[in-house]
Amino acid sequence: MRYLIDLTKENFNRIDFTEAEIVDFYCRKILPDCFEFSIWGATINLDQHWKHDKSFYPNHDNKNLYVSGIGTIRIRDLIGGSIEVYIYDNIKDEHSRTMVAKNHDGSKTMIRREWGHASSNSESSEYLWECVMAWPYGFCNLRLNVNGKVEYEFDTNDAISVDAFLKNPHIYDYKEI
């Protein structure tokens, strides 16, 4: 079943996208007023201190869930933002961690784009996704300034316990088809 969670303003903390991967992000020259992108993986915070609707998963026992599947972020009244992608190399360090590619001068290889201006609009909120980008493959800082609504839609059949994800993260991470 498809389920929609409102992430607008303080609701953004309902979901943790740290372990996510943005899989479909069309980096346009000019962002439209309404925008959406696909993202794999998200931790839904169902702990008792979160006061949001949990009816989509009645047997949650107040334990956090991991969405091991593709979800959609939908944004209304987008006014600007920026993206930085630090490109990964196919070299791993001594701890088997993927390394960021370096330029000839030793600096990190990064792609950056900015859209519009957040200006002094007191109505806008900034939303930050710090996660992996599927293409170009790298670590991403995506900041979007929004006057309207931000929503996350996912399939409840993709929800597993965070404990199951942590025991075997490679089973549940994004694999390009």
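For the structure, see preceding data.
Residues numbered from 1 in each chain as written. Predicted model: local features only at pLDDT ≥ 70, side-chain atom pairs only at ≥ 80, totals over all residues. Heavy atoms only, no water.

S.K.: Help me out: how do you make sense of the nonpolar core in this one?
M.R.: Buried together is how nonpolar side chains tend to be arranged in soluble globular proteins. Counting residues in hydrophobic clusters, the biggest one holds 37 residues, and the most contacted among them are Phe 17, Phe 37, Trp 129, Leu 142, Leu 144 and Tyr 152. Breaking this core down by element, the ones donating at least two residues are β1 (2-6), β4 (34-40), β6 (65-67), β7 (70-76), β8 (78-92), β11 (125-133), β12 (138-146) and β13 (150-155). Those residues in contact with Phe 37 that lie beyond four places of it in its chain are Ile 22, Asp 24, Phe 25, Gly 71, Thr 72, Ile 73, Ile 75, Trp 129, Leu 142 and Leu 144. (Core = buried A, V, L, I, M, F, W, Y, C linked by side-chain atoms within 4.5 Å. Buried < 20%, exposed > 50% of the residue type's maximum accessible area, 1.4 Å probe, protein only. Helix = DSSP H or I, 4+ residues; strand = E, 2+ residues; numbered from the N terminus. Contact = heavy atoms within 4.5 Å.)

S.K.: Would you mind showing me how to read the environment of Glu 153 here?
M.R.: Considering the arrangement of structural elements, one finds Glu 153 in strand β13. Counting along the chain gives 150 residues from Glu 153 to Tyr 3, while the straight-line C-alpha distance between them is 5.5 Å. Setting aside residues no more than four positions away along its own chain, Glu 153 makes contact with Arg 2, Tyr 3, Leu 4, Gly 71, Thr 72 and Arg 74. At 2.7 Å, the side chain of Glu 153 and the side chain of Arg 74 are in polar contact. (Polar contact = N/O pair within 3.5 Å; in protein donor to acceptor, adjacent residues only side chain to side chain.)

S.K.: Even after reading the chapter, I still don't get the packing of aromatic side chains, so can you show me in this structure?
M.R.: Each aromatic ring pair is specified by the distance between its two centres and by the angle formed by the two planes. All told, the structure shown has 15 aromatic pairs when counted by the stated rule. Considering the side-chain rings of Phe 12 and Tyr 127, the 5.2 Å spacing of their centres and the 70° angle between planes classify their relative orientation as edge-to-face. Here the residue Phe 12 occupies a position in the loop between β1 and β2 (15-16), and Tyr 127 occupies one in strand β11, the gap between them amounting to 115 residues. When sorted by exposure, Phe 12 lands in the same class as Tyr 127, which is buried. Taken together, a centroid distance of 5.3 Å and an interplanar angle of 75° make the contact between Phe 25 and Phe 35 edge-to-face. Taken as a pair, Phe 25 in the loop between β3 (21-24) and β4 and Phe 35 in strand β4 lie far apart in primary sequence, 10 residues in all. Among the residues examined, Phe 25 registers a relative accessible area of 11% and is labelled buried. (Phe/Tyr/Trp six-rings, centres within 6.5 Å; stacked < 30°, edge-to-face > 60°.)

S.K.: What should I look at first to understand the side chain of Ser 82 in this one?
M.R.: Checked against the element boundaries, Ser 82 lands in strand β8. With relative accessibility at 9%, the residue Ser 82 sits in the buried group.

The analysis is restricted to geometry; functional conclusions fall outside its scope.
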